Amino acid sequence: MKYDYLIVGSGLFGSIFAYEMKKIGKNCLVIEKRDHIGGNIYTSKEENINVHKYGAHIFHTSDKEVWEYINQFTEFNNFINSPVAVYEDKMYNLPFNMNTFYQMWGTKTPTEALEKIEEQKAEANITEPKNLEEQAISLVGLDIYTKLIKGYTEKQWGKDCTELPAFIIKRLPVRLTFDNNYFNDRYQGIPLDGYTTVIEQMLDGTEVKLNTDFFKDRENWENIADKIVFTGMIDQFYDYKFGRLEYRGLRFETETLDVENYQGNAVINYTEREIPYTRIIEHKHFEASESPKTIVTKEYPAQWNPGDEAYYPVNNDKNNEIYAKYEELASQEEKVIFGGRLGTYKYYDMWKIIAEALNCVKKEKKLIE
Ligand code: FAD
Ligand code: UDP
């Protein structure tokens, strides 16, 4: 065999695996079907602004080991994500906190806000939330659910909130303090010079072939290395034998505008169902980049069709059951390791991908040392 490892996908998972294996003298080849490295965290510098090509990426974690690991490759700025939501003619702070409650109901104290939430929760008569709708109403009441969650979520996922799992809404904090930080994590920020430089350092010294799809020449790739690390779609790897997993697609519309400051914030969400995009990102505000121009991206959720980029796994019961069958097959593989968001069909943020990659490297080293 020509290589110790063939790594399919140059996203965060594949790149960490390559970096760690190179450190112990293993010979890796990375193949990547896109024309650049980095997967969905890829950024490119335009007009002196790092543009997040696949949507806003804010790094956050409470895991000290993960934080120290990623800090080997970059320093982070002190960006704190504080998105604002627009519904009809009003703007609301996110995540759901005392500012939001004041803007929605005029409540000024935590007791007043809690009373309002409890009153709306009682009216909806929910004891054990069974889906996203019930979970949301029991967390923040009917008004916030109706104006800030229902429309956004249904366009984001293309499904009714009653058909979606509750865990999706539990990603967002609910706070009885005036704190607009979107995350609860101890560490947060944006790499000082974009994410691509992080991946470049991880892959420095490793052979990478771009524009190379594993499935276009599968037999060759299966015979080029002792082991394969696969970070693409697990159902495609098994030729959809247990059925197709569902994914959610996205379309990004990016424009350079001849104004210095378009919206005054990095992320503004549009929560009405009728507006076809979910958010507008103004990239320069992630890093306070100096530029006379600005670059904005509208993010449109889209139905996913085979061949499209699979941005989000749709982790409802039906898909999780199908995935469990693929996972069972995967666990019996001696030569193939599945990793990353698509390889393990999990809605993982970057910190979790790093933790999983380091875990995978640890297990692999135990096997070979
Ligand atoms: P990917 O980045 O998907 O990398 C997989 C790579 O494999 C891709 O480059 C792909 O082209 C390649 N590949 C797939 N199939 C093949 C094949 N057959 N042959 C060759 N190559 C192949 N996380 C956060 O922590 N904070 C955020 O703010 C955040 N925002 C996000 C916003 C959006 C819109 C999205 C979609 C995700 C966001 N994430 C965020 C999650 C983050 O993008 C992921 O955690 C991370 O990128 C996953 O890394 P990965 O290596 O698993 O996958
Ligand atoms: N969400 C919402 N309204 C908002 C922002 C988020 O209802 O203004 C819900 C929506 O269901 C979304 C989930 O919260 O899918 C998680 O949001 P997050 O920002 O974590 O999503 P991501 O950045 O992964 O797309």
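Here's a quick rundown of the structure. (Residues numbered from 1 in each chain as written. Chains lettered and ligands numbered in written order. Predicted model: local features only at pLDDT ≥ 70, side-chain atom pairs only at ≥ 80, totals over all residues. Heavy atoms only, no water.)

## Some words on the site of ligand 1
In plain terms, the rule: The rule for a residue being near a molecule or strand is that one of its heavy atoms must lie within 4 Å of it. The term polar contact refers here to a pair of N or O atoms within 3.5 Å; inside protein, the definition further demands a hydrogen-donor-capable atom paired with an acceptor-capable atom, and it admits residues adjacent in sequence only when both atoms are side-chain atoms. Residue-level accessible areas treat just the shown protein chains as cover; the underlying method is Shrake-Rupley with a 1.4 Å probe. Strands here mean DSSP runs of E at least two residues long; helices mean DSSP runs of H or I at least four residues long; both are numbered from the N terminus. For this classification, the nonpolar set comprises Ala, Val, Leu, Ile, Met, Phe, Trp, Tyr, Cys and Pro, the charged set comprises Asp, Glu, Lys and Arg, and every other residue, Gly included, is treated as polar.
Near ligand 1, the surroundings consist of 32 residues, among which Glu32, His57, Arg341, Tyr348 and Met350 are the closest. At 2.8 Å from an oxygen atom of ligand 1 is found a main-chain nitrogen or oxygen belonging to methionine 350. In isolation ligand 1 exposes 1000 Å². Once the protein is present, 96% of that is buried. Listing elements by their share of the shell around ligand 1, those giving two or more residues are helix H1 (12-23), helix H10 (340-343) and helix H11 (350-368). For the shell around ligand 1, the per-class residue count stands at 16 nonpolar, 9 polar and 7 charged.

## A look at H1
To be explicit about the condition: A helix is expected to reach a length of 1.5 Å times the quantity of its residues less one. The buried label goes to any residue with under 20% of its type's maximum accessible area, the exposed label to any with over 50%, and the partly exposed label to all in between, with areas taken from a 1.4 Å probe on protein chains only.
Its 12 residues give H1 an end-to-end C-alpha distance of 17 Å, which sits within 8% of 16 Å, the value for a rise of 1.5 Å per residue. H1 sits mainly inside the fold: 10 of its 12 residues count as buried. By the burial criterion, the buried members of H1 are Leu12, Phe13, Gly14, Ser15, Ile16, Phe17, Ala18, Tyr19, Glu20 and Met21.

## Here's the deal with the sheet that holds strand S14 (residues 294-303)
Definition in use: Here, strands pair whenever DSSP counts at least two bridges between them.
An order of S7-S6-S12-S13-S14-S11-S15 is seen for the 7 strands of this open sheet, with the pairing classed as mixed. Among the strands making up the open sheet, the edge pair consists of strand S7 (90-93) and strand S15 (312-313).

## Focus: the site of ligand 2
With respect to spatial proximity, 17 residues lie near ligand 2, and among them Thr153, Arg171, Tyr182, Tyr312 and Tyr347 are the closest. Threonine 153 has a polar side-chain atom sitting 2.7 Å from an oxygen atom of ligand 2. At 2.9 Å from an oxygen atom of ligand 2 is found a side-chain nitrogen or oxygen belonging to asparagine 269. In isolation ligand 2 has 530 Å² of accessible area, and contact with the protein removes 94% of it. Of all the elements, helix H5 (residues 132-157) adds the most residues to the shell around ligand 2, at 6 residues.

Fair warning: the whole summary comes from geometry, so function is off the table for now.
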